[in-house]
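For reference, the chains in residue letters:
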Amino acid sequence: MDKLTDKYLRKRKIPSTACSGCGLGQAHKAMVVAIDELGFDFYDIIWGTSIGCAGRQTFATWKGDNFAGTHGRVYAIARGLRLAIPVEKKLVLTVGDGDAFGIGFNHLLHAARSNAQMTVLVCDNLGYQSTGGQYGWTTPAGVKTDSSPYGMFEPNWVQTEMDILNVLKAAGATFLARHVSMDGRPLVESCKKALQNNGFSLVHCVFPCITNFGKNALGSRNTVNMFNWIKNRAAPLGEEKEDTLWRTGIYHDAINTRPEFSQLMRDKVSEIQRRYQDEGSH
Amino acid sequence: MDISIRIGGEAGQGIQSISSIIARTFVRQDYYVFINQDFASRIRGGHNFDQVRISNIPVQAVDDKVHILIALDEETTRQDIDCLADNGVLLFDGDAIGFTTDSSNRFSIPFGKIASEVSKSKIMINSVATGAAIALMDFELSPVLDCLQEQFRQKGSETVEKNQKSATAGYDFVRRNLKEKPHFRVPSAKSVRQKMLLTGSQALALGAMASGLKFYSGYPMSPSTAIMEFVSSRADQYNIVLEQAEDEIAAINMVIGASFAGARAMTATSGGGFCLMAEALSLAGMTETPAVIIVAQRPGPSTGLPTRTEQADLNFVMHAGHGDFPRAILAPGHPEQVLYLMSKAFNLADRYQSPVIVLGDQHFNDSYFTVDELDLGGITIDRGHILTDQDLSAPHEYKRYTPGESGISPRILPGLTKAVLYADSDEHTEEGHITESATVRDQMMRKRMQKLEGLRQEIGPPEIYPAGEAQLVLLGWGSTHGVIKEAVDRLNQNGIAAQMIHYSELFPFNPRHIGTAELRKVRIIAVENNYTGQFADFFSKATGLAVDQRILKYDGRPFTSREIVDQIEDKS
Ligand code: SF4
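Residues numbered from 1 in each chain as written. Chains lettered and ligands numbered in written order. Predicted model: local features only at pLDDT ≥ 70, side-chain atom pairs only at ≥ 80, totals over all residues.

**Re the overall build of chain A**
When helices and strands are tallied, chain A shows 11 helices and eight strands. For 282 residues, the compact-globule formula gives about 19 Å, and the C-alpha radius of gyration of chain A, at 19 Å, lands near that figure. Once the C-alpha set of chain A is aligned to its principal axes, its extents read approximately 75 × 45 × 35 Å. By residue count, 51% of the 282 residues in chain A fall in the buried class. Within chain A, counting contacts between residues at least 6 apart in sequence, those at least 24 apart form 69% of the total. (Helix = DSSP H or I, 4+ residues; strand = E, 2+ residues; numbered from the N terminus. Rg over C-alpha atoms; globule rule 2.2 N^0.38 Å. Buried ≥ 20, exposed ≤ 12 C-beta atoms within 10 Å, placed from the backbone. Contact = placed C-beta atoms within 7 Å.)

This is the structure we're talking about:
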């Protein structure tokens, strides 16, 4: 992505600090391609990051304004920002599965409820990998990690009957999609849709972690095996097989159907101000 | 004998496999080994090193001079060369990192080429380097081969053989090509004793398990995660239930729930996670529920330096949680104390029905210490005053918060007796029912705070080393134990009568433990890994003694004894 790198990313930060072979770059790149195809410039977007590999490795890669939040709080920070930045600026967040679906889940639900404009790209490495590899809320059943030596036996958030995206939909999110990082074009298209929503969008993107997930789940750090392991367990919605873990595609598209959080707030403020002015003129 | 070996390179290059083989080799040979791990907050790349110190007397601190520097990458040759001792040797792969030299203390050895030739695998570089380092120390190779055999046994005989061959090739290369005799000589051991090599985290986890831990809940956070991992890996043997929580708020609340029901329960985190626990800490204080919380400190504020060390959360843990309630704070200085202190933590929590915080830090938690033997005899289990049906002649009259001795109310475990239990986070009556009564509030506050005085009598004295009179005192707490002791030894060798006063049981503080009158005549120097000297302030306030100088370090790295000695003003 050399041309795009020049245009949008800080040279000093590319290649990123991710391990070689890590699939995070694919997800990151898809978002940058989507931004480019929609014709945004780097100053149109403010990029926020969380804690963990997804946040750490994408932090300050963006040429434009950046911020890094504490673990799980970035959605609340983003709502505050949303109220204070110019309306036309867009917020993009790259965060991890633990950050979004674990420690930050309460804030994430409220961001969805209020339909605050932000495009949340949840880069899912299937557990807590930057702390060495513990299970998380999307770790597939049976996978051994440092904290699940008998294999992951608790239910996770991506089971069909209790999908996190359904929870977010019920909470009020206006755009939801799921992908794996090797999806290519469909992933870019989902990111574009997400960015076009003046409201809360979330794209859940599973990517291969070679260093810790690969070692724990597959017993090796072989990049190709790890990529195939994920790819073979993903299928587009409607084409799923019995062993499909990740059904990919758009789950919910209600873009621009509900008032956006900061817009609502701005409208209310001007309504109240008008009322005071009217009273004052009497 | 006191030799330090630094292995520098990128994360993922196998630094730890070299340090652990070297360390285990010498621990087996009855030496004392200390490993400091210095790494960046990255999974791959960056500049990282392990520093292995080998000595025939106990060592528990980093040295600032390195005798053998193994460079696995070019960065190490640049960044770490200054710490090489005058007679130190740099081992590097001139083919790989394009760095040539003819200086006698820069020794180029083709790690990569040797590994490929001997075993057809670049991964064996680590074993080649290990063998080379051993040759530089003029030590025999066979104990290394034994350690490699043990390390790789599970991977099959082929892997064992490849590693052994590679180590031998590295060893032979140095012996053949080293022009002068090696500068250092590590004599081979006379006896082989069973010593143990373990990290602070492992010691803390072991201490908890040996004290009857039954429930652990936590959230991954460096540098505390290794505690959870260790408990997880042994949970089956010790009959422990471990639940990873969705955040630290849930973790400590689960601990309170389990403990309320009677299980010995613990969580571990770092400062940022402990911030989230503050609300529940106060809940434990109000409901009088035992809880043990390990806080492995790292530099803040906020995300700070996630993989580095600091002692800046003392004020925080001392004051965290809204309202006044009793708590105890312990901070081990070395692993030998840990079993005793962890059992004390659980016993105090149970007996005083209060939260107990154990402070570690990255340096303590991640460093490997050599332990002669772990004394399980120091462990007692005292669950405090728990009533069963036999004790209750009239179960319906039981009141959870009846003030007993030292303000402690006998508790029952819910569901296990005929009595009914009410616990309340609101101010409550003896029965545990919510109240707004000013009189009851007064009584209850006094009852709870009385436990603080009980706890104060339980807190042990500081370690004073060496005994006797001194002109200069180095005052410290927690993980600086090893390095302060070493600094004191250095000073005494130079004819300065120095003494260490080291606290590992910090709160509630008992000023009677030290002779304040004598100390008034002595120069007191506080040594702390933080910016303000948090303990020095606390100590002064509690004892009325002035702290004359503060030696403070807050760059995220541990002290060396030389650094401390050099900074002492006015040694007369
Ligand atoms: S640990 Fe895993 S997720 Fe993190 S950067 Fe490395 S490969 Fe990627």
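Now, onward.
**Focus: the sheet that holds strand β13 (residues 355–361) of chain B**
Residues and elements named next belong to chain B. Taken in spatial order, the seven strands make up an open sheet running β9-β8-β10-β11-β13-β12-β20, and their pairing is mixed. Looking at strand neighbours, the two that pair on one side only are β9 (241–244) and β20 (505–507), the edges of this open sheet. Taking the axes of each pair of neighbouring strands and ignoring which way they run, one obtains an average angle of 20° across the sheet. Two elements, strand β11 (residues 291–297) and β13, share seven bridges in a ladder whose sense is parallel. Within β13, the residue paired with Ala 296 across the bridge is Gly 360. (Pairing = 2+ DSSP bridges. Axes fitted to C-alpha atoms, helices over the stretch in contact; angles between N-to-C directions.)

**Description of the domain arrangement of chain B**
What the domain assignment reports for chain B is domain 1 (2–177), domain 2 (198–378), domain 3 (389–458) and domain 4 (463–570). Each of domain 3 of chain B and domain 4 of chain B was reduced to a C-alpha centroid, and the two centroids are 41 Å apart. (Domains from an automatic or database assignment.)

**Section: the site of the ligand**
If you check the shell around the ligand, you find 15 residues, and the closest are Ala 18, Cys 19, Cys 22, Cys 53 and Cys 209 of chain A. The environment of the ligand is shared, with nearby residues belonging to chains A and B. Of all elements in the fold, only α3 (53–58) and α9 (210–218) of chain A reach the threshold of two or more residues within the shell around the ligand. The element best represented in the shell around the ligand is α9 of chain A, accounting for three residues. Across the shell around the ligand, the residue classes break down as eight nonpolar, six polar and one charged. (Near = placed C-beta within 6 Å. Nonpolar A, V, L, I, M, F, W, Y, C, P; charged D, E, K, R; others polar.)

**Regarding the environment of Gln 29 of chain B**
Residue and element names in this part refer to chain B. Its place among the elements puts Gln 29 in the loop between α1 (15–28) and β2 (32–38). Using a count of 22 C-beta atoms within 10 Å as the deciding quantity, one classes Gln 29 as buried. Spatially, the C-alpha atoms of Gln 29 and Ser 406 are 51 Å apart, while their sequence positions differ by 377 residues.

**Quick look at the packing of α1 of chain B against helix α5 (residues 125–136) of chain B**
Residue and element names in this part refer to chain B. Relative to each other, α1 and α5 sit at 40°, their axes nearing to 9 Å. What the angle tells us is that α1 and α5 run oblique. When the axes of α1 and α5 are compared, the crossing they make is right-handed. Of the residues in α5, those in contact with Ser 17, Ile 18, Ile 21 and Ile 22 of α1 are Asn 126, Ala 129, Thr 130 and Ala 133. Its residues assigned to classes, the contact of α1 with α5 comprises five nonpolar, three polar and no charged. (Parallel < 35°, antiparallel > 145°, perpendicular 65-115°, else oblique. Left-handed = near helix turned anticlockwise from the far one by under 90°.)

**A few points about the nonpolar core**
Counting 156 residues, the largest nonpolar core has Val 33, Ile 70, Leu 91, Ala 132, Ala 133 and Val 358 of chain B as the members making the most contacts within it. Examining the composition of this core, we find that 10 residues originate from one element, helix α13 (residues 335–352) of chain B, more than from any other. Core analysis: the second largest hydrophobic core is formed by 72 residues, Val 92, Ala 100, Met 118 and Leu 202 of chain A among them. (Core = buried A, V, L, I, M, F, W, Y, C linked by C-beta atoms within 7 Å.)

**Structural notes on unusual backbone geometry**
A cis amide bond links Ile 14 of chain A with the next residue in sequence, Pro 15 of chain A, at an omega value of 0°. Considering the arrangement of structural elements, one finds Pro 15 of chain A in the loop between α1 (2–8) and α2 (24–37). For the bond from Phe 507 of chain B to Pro 508 of chain B, the omega torsion is 0°, close enough to zero to count as cis. Its place among the elements puts Pro 508 of chain B in the loop between β20 and α17 (516–519). Look at Asn 256 of chain A: it is not a glycine, yet its phi comes out positive at around 55°. Mapped onto the elements, Asn 256 of chain A comes out in the loop between β8 (246–253) and α11 (261–281). Here Asp 30 of chain B, not a glycine, exhibits a phi torsion of approximately 75°, which is positive. Looking at where Asp 30 of chain B falls in the secondary structure, it is placed in the loop between α1 and β2.

**Let's talk about the sheet that holds strand β5 (residues 175–180) of chain A**
All names here are of chain A. The mixed open sheet is built from eight strands, whose spatial order is β2-β1-β3-β4-β6-β5-β8-β7. The sheet terminates laterally at β2 (66–68) and β7 (234–236), the two strands that pair on one side only. Neighbouring strand axes in the sheet, compared pairwise and without regard to direction, differ in orientation by 20° on average. Bridge count for strand β3 (residues 90–96) against strand β4 (residues 118–124) is five bridges, and the pairing is parallel. Counted as the bridge partner of Gly 96 is Cys 123 from β4.

**Notes on the confidence of the model for chain B**
Of all residues in chain B, 98% attain a pLDDT of 70 or more, and the chain-wide mean is 94. At the level of chain-chain contacts, confidence expressed as ipTM amounts to 0.89, with global pTM at 0.94. (pLDDT = per-residue confidence, 0-100.)

**Some remarks on the environment of Pro 335 of chain B**
Residues and elements named next belong to chain B. Mapping Pro 335 onto the fold places it in helix α13. Sequence separation of Pro 335 and Gly 515 is 180 residues, and the distance between their C-alpha atoms is 27 Å. Ignoring sequence-local partners within four residues, the contact set of Pro 335 consists of Leu 198, Gly 200, Ala 203, Phe 369 and Val 371.

**Quick notes on the pairing of strand β7 (residues 196–199) of chain B**
Residue and element names in this part refer to chain B. Of the two faces of β7, only the one carrying Leu 197 and Thr 199 is buried; Met 196 and Leu 198 on the other face are not. Judged from the four bridges that link them, β7 and strand β14 (residues 368–371) form a sheet pairing that is antiparallel. For Leu 197, the partnering residue across the bridge sits in β14 and is Thr 370.

**Section: helix α15 (residues 438–458) of chain B**
All names here are of chain B. With 21 residues, α15 ought to run about 30 Å at 1.5 Å a step, and its terminal C-alpha atoms sit 31 Å apart, in line with that. Along α15, the residues classified as buried are Met 444, Arg 448, Lys 451 and Leu 455. An end-on view of α15 places all buried positions within 45° of arc, on one side of the element. Facing away from the buried side of α15 by more than 90 degrees, the exposed set consists of Ala 438, Thr 439, Asp 442, Arg 446, Glu 453 and Gln 457. (Expected span 1.5 Å × (residues − 1). Arc of directions from axis to C-beta.)

**Some remarks on the packing of helix α8 (residues 200–210) of chain B against helix α9 (residues 225–238) of chain B**
The geometry of a pair of packed helices is captured by two quantities: the angle between their axes and the separation between those axes. Residue and element names in this part refer to chain B. Following both chains from N to C, one finds α8 and α9 inclined at 40°, their axes separated by 9 Å at the closest point. Between α8 and α9 lies a crossing whose hand is right-handed. Between α8 and α9, the residues in contact are Ser 201, Gln 202, Leu 204, Ala 205 and Met 209 and Ala 226, Ile 227, Phe 230, Val 231, Arg 234 and Tyr 238, respectively. Classifying every residue of the contact of α8 with α9 gives eight nonpolar, two polar and one charged.

**A word on the environment of His 28 of chain A**
All names here are of chain A. Tracing the backbone through its elements, the reader meets His 28 in helix α2. The class of His 28 is buried, set by 26 C-beta atoms lying within 10 Å. Sequence-wise, His 28 and Met 182 are 154 residues apart; in three dimensions their C-alpha atoms are separated by 12 Å.

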